[in-house]
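Close look at the chain arrangement
One-letter residues, chain by chain:
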Amino acid sequence: MGKSDSKKTSKKTTKKSKFVFSKTRILIFMLICALLGGSMFFSKPIEDKIMSYSTHGAQLSSYQTALNNDFIVHFVDVGQGDCIMLELPDGKKGIIDAGDDNKETEEHLVEYAKQNVFDGTSDNVFDFLILTHSDSDHVGGMDAVFENFVINTIYRPKIFYNKTQNATTAQSELTNDETERANELGINKPTTKSTNIYFEFLTLAYSEKDENGLNAQIIFSEAGLEISDETAGYNIKFYSPNKDSYSDVNDFSPIIIASYKDYSIALTGDAEKEVEEEVLELYKLPNVDALKLGHHGSSSSTTQAFLEALDPEYIFITVGAGNKYGHPTEEVLKRLEDYNIGTNIFRTDQNGDIIFSVGKQIANSDSTNEQTVQADSESYGILIAISEGDGVLSYIKWWQIVSVILVISFFLCFLTKKEIEKKAKNEIKKAISK
Ligand SMILES: [Zn+2]
C-alpha cells in the first residue's frame with residue numbers, strides 16, 4: 001500500500017465510520033496485543049492474584065486476611081457429616097467434628113484447615129477440639145485431624161466405649177479406662193452404641209500431646225461450660241448436655257451458642273428435639289443471627305419452638321448431596337419457609353465450603369456469593385462466603401479479562417475523538433430540533 005493509498009483509505013474511513021486506522025494507532029494496538037498475548041503465559045499467577053482480591057472459590061483464605069482478628073466459623077464441606085472450624089478474635093482456633101472416615105473428605109478438611117484456618121503458615125495448633133458425639137459422620141475423620149494438627153484441649157461426649165460390643169484384646173486397656181472414667185462420673189450404664197472408630201478417637205485423644213508436650217486436657221462436654229475471652233469479646237457457651245446419659249447418642253451433642261460483638265450463631269451437632277425441649281425448659285435462649293440445623297436437617301430436630309426461641313436469620317445445613325437419609329427433609333425445609341427463612345439457607349451440598357464471619361465490613365463488596373448484613377455502629381457486620389453454587393463466580397479466568405481489555409483497547413485506539421464529538425453534536429442538534 002502506497003502513501004497516497006493509506007491517506008485515501010484513512011480519509012474514506014473518517015467519512016464512513018468512526019474508526020481511523022493510522023500507522024501509529026495500529027502500532028499501539030499491536031503493542032497492547034503483544035503485551036496481553038505475553039501475559040497469557042502467566043495466566044495462573046495472575047488469576048491467583050485476582051482471586052486474592054475477591055472472596056470466591058477455593059481462595060477463601062484471602063477473604064479471612066481481610067477480616068483479620070475477627071470471628072470466623074467455617075463449615076467445611078465433608079459430604080454427609082459435620083466439620084466446623086472456628087477462628088477466634090484472640091487468634092485461637094477450634095474444630096468441631098471431622099466428618100466421616102473417608103479419605104477424600106479427610107484430605108479436604110486437612111487441606112482446608114492448612115490453607116484457610118492456618119493461612120498457609122506452619123502453625124498447626126487447634127486450641128480446642130469438640131467431638132459432639134460418636135457417630136461416624138462426626139468422628140470418622142478425627143484420625144486425620146490428630147495426624148496433622150496439635151490439639152490442646154479436647155471436649156468429648158460422655159459416651160463410653162462399650163467393651164462387650166466391639167472390644168478386641170488390644171483395646172481392652174482403654175476399655176477398662178473408659179469403664180473407670182464412667183464410674184468416676186457415677187455413670188454405671190455406659191451408652192451401648194459405640195463403635196471402633198469412636199474407640200480410635202478415644203485412643204488418639206488420650207495419647208495426644210498439646211503444644212507444650214503435655215497431655216492434652218480432656219473435658220466432658222456439659223451445659224455451663226464456656227470458652228471465652230472478655231477482652232477479645234467472644235463467648236462460646238454450652239447449653240447442653242444437661243444429663244449424664246441419653247438413650248440416643250445424637251442427644252449427647254452439645255447445643256452451643258457462639259457470640260462475638262452483637263452477633264451470634266447456634267451450633268447443635270445432631271441434637272434432636274428431646275434436647276431442644278430440655279434446653280428450652282432450662283434456659284431462656286438468646287436470639288441468634290444464625291443456626292446450624294440440628295442433625296443435618298432431619299425432621300427429628302429443629303422444632304418450631306426451638307426455631308422461635310432462637311429466631312435465626314441465616315441457616316446452615318451440613319449435608320451430603322443425594323444422601324441416603326433424605327437430609328434435609330422437606331418437613332424441616334417447609335418449617336424454615338413458614339418461618340420466613342426460606343431464602344437465607346446455605347447448604348454444604350450446594351454451596352461447598354461456607355464461611356460465616358463477624359468482622360469489620362469490607363467496603364463496596366458486591367459480588368454475588370457473599371452477603372454483608374446488619375452493620376452496627378462500629379461497622380461490624382456478618383459476612384457469609386461460599387465456595388460453590390448457583391450464580392457464583394467461582395473463578396475469573398485471565399483470558400476473559402484479556403478479551404475485554406482487547407475490545408476496549410480496540411475502541412480506544414481506533415475510535416476518533418472528533419467523530420464522537422461530531423456525532424454527539426449531531427445528536428444534540430437532532431434532540432433540540434425535535
Ligand atoms: Zn450426623
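Residues numbered from 1 in each chain as written. Predicted model: local features only at pLDDT ≥ 70, side-chain atom pairs only at ≥ 80, totals over all residues.

Topic: the overall build of the protein chain
Across its full length, the protein chain holds 16 helices and 16 strands. In the protein chain, which comprises 434 residues, the share counted as buried stands at 40%. Look at the contacts in the protein chain between residues 6 or more apart in sequence, and 68% of them connect residues 24 or more apart. (Helix = DSSP H or I, 4+ residues; strand = E, 2+ residues; numbered from the N terminus. Buried ≥ 20, exposed ≤ 12 C-beta atoms within 10 Å, placed from the backbone. Contact = placed C-beta atoms within 7 Å.)

Remarks on the sheet that holds strand β11 (residues 290-292)
Here seven strands make up an open sheet; going across it, the order is β7-β8-β9-β10-β11-β12-β13 and the pairing mixed. On the outer flanks of this sheet lie β7 (226-229) and β13 (345-347), each paired with one strand and no other. Neighbour-to-neighbour, the strand axes of this sheet turn through a mean angle of 15°, independent of strand direction. (Pairing = 2+ DSSP bridges. Axes fitted to C-alpha atoms, helices over the stretch in contact; angles between N-to-C directions.)

Describing unusual backbone geometry
Cis geometry marks the peptide bond from S240 to P241, where omega comes out at 0°. Within the element layout of this structure, P241 appears in the loop between β8 (234-238) and β9 (256-260). The peptide bond linking H327 to P328 adopts the cis configuration, its omega dihedral lying at -10°. With respect to the helices and strands, P328 occurs in the loop between β12 (314-317) and α13 (330-338). Positive phi is not limited to glycine here, since D119 has a value of about 50°.

So, the packing of helix α2 (residues 23-39) against helix α15 (residues 398-414)
Where α2 contacts α15, the axes come no closer than 9 Å and their chain directions differ by 170°. Between α2 and α15, the crossing angle belongs to the class labelled roughly antiparallel. Here α2 contributes R25, I28, F29, I32, L36 and S39 to the contact with α15, which in turn contributes V402, I405, L406, S409, F410, C413 and F414. By residue class, the composition of the contact of α2 with α15 is 10 nonpolar, two polar and one charged. (Parallel < 35°, antiparallel > 145°, perpendicular 65-115°, else oblique. Nonpolar A, V, L, I, M, F, W, Y, C, P; charged D, E, K, R; others polar.)

Some words on the environment of L88
Positionally, L88 belongs in the loop between β2 (84-87) and β3 (93-96). Look at L88 and you get buried, because 24 C-beta atoms sit within 10 Å. The spatial distance from the C-alpha of L88 to the C-alpha of D70 is 6.3 Å, given a sequence separation of 18 residues. Apart from residues lying up to four places away in sequence, L88 is in contact with F71, A232 and Y234.

Overview of the environment of T348
Structurally, the position occupied by T348 is in helix α14 (residues 348-351). On the basis of neighbour counts, which here come to 27 C-beta atoms within 10 Å, the residue T348 falls in the buried class. In sequence terms T348 and G320 are 28 residues apart; their C-alpha atoms lie 7.1 Å from each other. The residues contacting T348, other than those within four sequence positions of it, are F75, D77, T318, V319 and I354.

Overview of helix α5 (residues 103-117)
Taking 1.5 Å as the rise per residue, α5 with 15 residues should run 21 Å; its terminal C-alpha atoms sit 20 Å apart, in good agreement. Among the residues making up α5, those that are buried are T105, E106, H108, L109, Y112, A113, N116 and V117. Buried residues of α5 fall within an arc of 160° about the axis and therefore sit on the same side. Facing away from the buried side of α5 by more than 90 degrees, the exposed set consists of K103, E104 and E107. One or two steps after α5, the chain reaches D119, where phi turns positive at roughly 50°. (Expected span 1.5 Å × (residues − 1). Arc of directions from axis to C-beta.)

That is the geometry; function is a separate question.
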